Amino acid sequence: MGRVEAIIAAGGRGRRVGADRNKLLLPLAGRPVLAHTLEAFERAACVDRVVLVAAPQDLGACAEIVAGAGFRKVEAIVPGGPERQDSVARGLDAVGPDVEVVVVHDGARPLVAAETIHAAVEGARCWGAVVAALPVRDTIKVVDSACAVVSTPERDRLWAAQTPQAFQAPVLREAFAWAARSGHRGTDEASLVEAAGGRVMVIPGREDNIKITTPADFLVAEAFLASRGDGARPVPPVSVGFGFDVHRLVAGRPLVLGGVEIPSPLGLLGHSDADVLLHALMDALLGAAGLGDIGRCFPDTDERYHGISSVVLLERVAEMLRQAGWQAIHADATVVAEKPKVAPYVPAMAAKVAAVLGMPEERVNIKGKTTEGLGFPGRGEGIAAYAVAVLRKL
Ligand code: MG
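Summary of the structure given here. (Residues numbered from 1 in each chain as written. Predicted model: local features only at pLDDT ≥ 70, side-chain atom pairs only at ≥ 80, totals over all residues. Heavy atoms only, no water.)

## Side note on the nonpolar core
Defined as follows: Grouping buried Ala, Val, Leu, Ile, Met, Phe, Trp, Tyr and Cys residues that are joined through side-chain atoms within 4.5 Å yields what is termed a nonpolar core. Summary of the burial criterion: residues with accessible area below 20% of their type's maximum are buried, those above 50% are exposed, and those between are partly exposed, where the area comes from a 1.4 Å probe applied to protein chains only. Only DSSP runs of H or I reaching four residues or more are called helices, and only runs of E reaching two or more are called strands; each is numbered from the N terminus. Note on definitions: a residue-residue contact is assigned when non-hydrogen atoms from the two residues lie within 4.5 Å.
Among the nonpolar cores identified, the biggest contains 50 residues, and Leu257 and Leu285 are the most heavily contacted of them. Secondary structure elements with two or more residues in this core: strand 13 (255-257), strand 14 (260-262), helix 8 (276-289), helix 10 (310-323), strand 16 (326-336), helix 11 (346-357), strand 17 (364-369) and strand 18 (382-393). Those residues in contact with Leu285 that lie beyond four places of it in its chain are Leu314, Val317, Leu321, Ala328, Leu357, Ala389 and Leu391. Counting 44 residues, the second largest nonpolar core, distinct from the first, contains Leu25, Leu26, Ala120 and Val130.

Structure, rendered in structure tokens:
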């Protein structure tokens, strides 16, 4: 049997999902929407090669997704045009000359089943041009520009078109050539074949082969993914980290906890401002992101960190998290000290930490504990802090 190549149209802008990035680059169950779509074609045994068409500004991001996941079928990533028809035309130019069947698929339909791709390819071999579609369940109204109903088409004959759409290569090439000559514009590839006088058959689509267009579609798609069970169940895109620190209490030093200076006859000794609470918190954040610890990031042998405010270090940790694609969504910390009482300062500490990490104050939980006079905290020799942080993958 002849070669089969797929064109994945990924040139969307994401305006309708309210994001400033292409929606195909946004995460769905922990990986970009486009990665799910490409994975489906990688697994479809009937497809030999994939041509990915992306908006010019997304070419780099798409190449990273392909390289990161090792999608070996994606041999060409080509810049799209102003509209879908232009983009698919450019994708078609990149399809090999000896190809028997061309499959066109929306990058925004990440849940496409291998059986649907296979049925489309076989359908194209048999009939020349096919489109996956579902019978329409709602009654459809045709309205005029004043929103007055003009007609009600017979529902039994209405099908909603999805992708994949598959074509014998000469059929699709002739339809695009005809559209270029005549200036015809269509919203999908099948409609070009129809308008050019060709015959297109419908094959059964699937309910879960949704097109991700609005924010609600992400929720629906994640629910479908979760319902598939076994290996396909998504791993929650969150990570947890733990931190611990101790500093000695001495005379003649300010006491800074959680970025807040607290009146006290004794302060904590250290290379920086010795903010034991922020140190434990930073270790928790770095730990959750797999970025080591503050000793590695800000060594106490480095004079640049002598006397530095730990809030400045926390700002650097926040930037490291951003660059690694993590967002803090919750932090919980305990300060172990006989005195002073930390409770009165907790709101100010939480506000400071939340502002630096870009999270709501109510997700920063800080509490004080004593050790009933036992051990070094009980004797007032030092203060310890423990922290747990939860990060979400962006
Ligand atoms: Mg420390």
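## What to know about the coordination of the magnesium ion
Our working rule: Nitrogen, oxygen and sulfur within 2.8 Å of a metal are treated as its donors, or within 3.2 Å for sodium, potassium and calcium (Na, K, Ca); water is not counted, so a site can appear incomplete.
The magnesium ion binds to the protein through Asp245 (OD), His247 (NE2) and His279 (ND1), with metal-donor distances spanning 2.1 to 2.2 Å. Positions of the donor residues of the magnesium ion, expressed as sequence spacing, correspond to D-x1-H-x31-H. Residue His247 is located in strand 12 (residues 238-251), and its partner His279 is located in helix 8; the two are separated by 32 residues in the primary sequence. We note that His247, like His279, is buried.

## So, the pairing of strand 6 (residues 99-106)
Definition in use: Here a strand pair is declared whenever DSSP counts at least two bridges between the two strands.
Across the eight residues of strand 6, seven count as buried, placing the element largely inside the fold. Bridge count for strand 1 (residues 3-10) against strand 6 is seven bridges, and the pairing is parallel. Note that in strand 6 the partner of Ile8 across the bridge is His105. Sheet topology note: the strand 6/strand 10 (residues 159-168) ladder contains four bridges and is antiparallel. Paired with Val102 across the two strands is Phe167, which belongs to strand 10.

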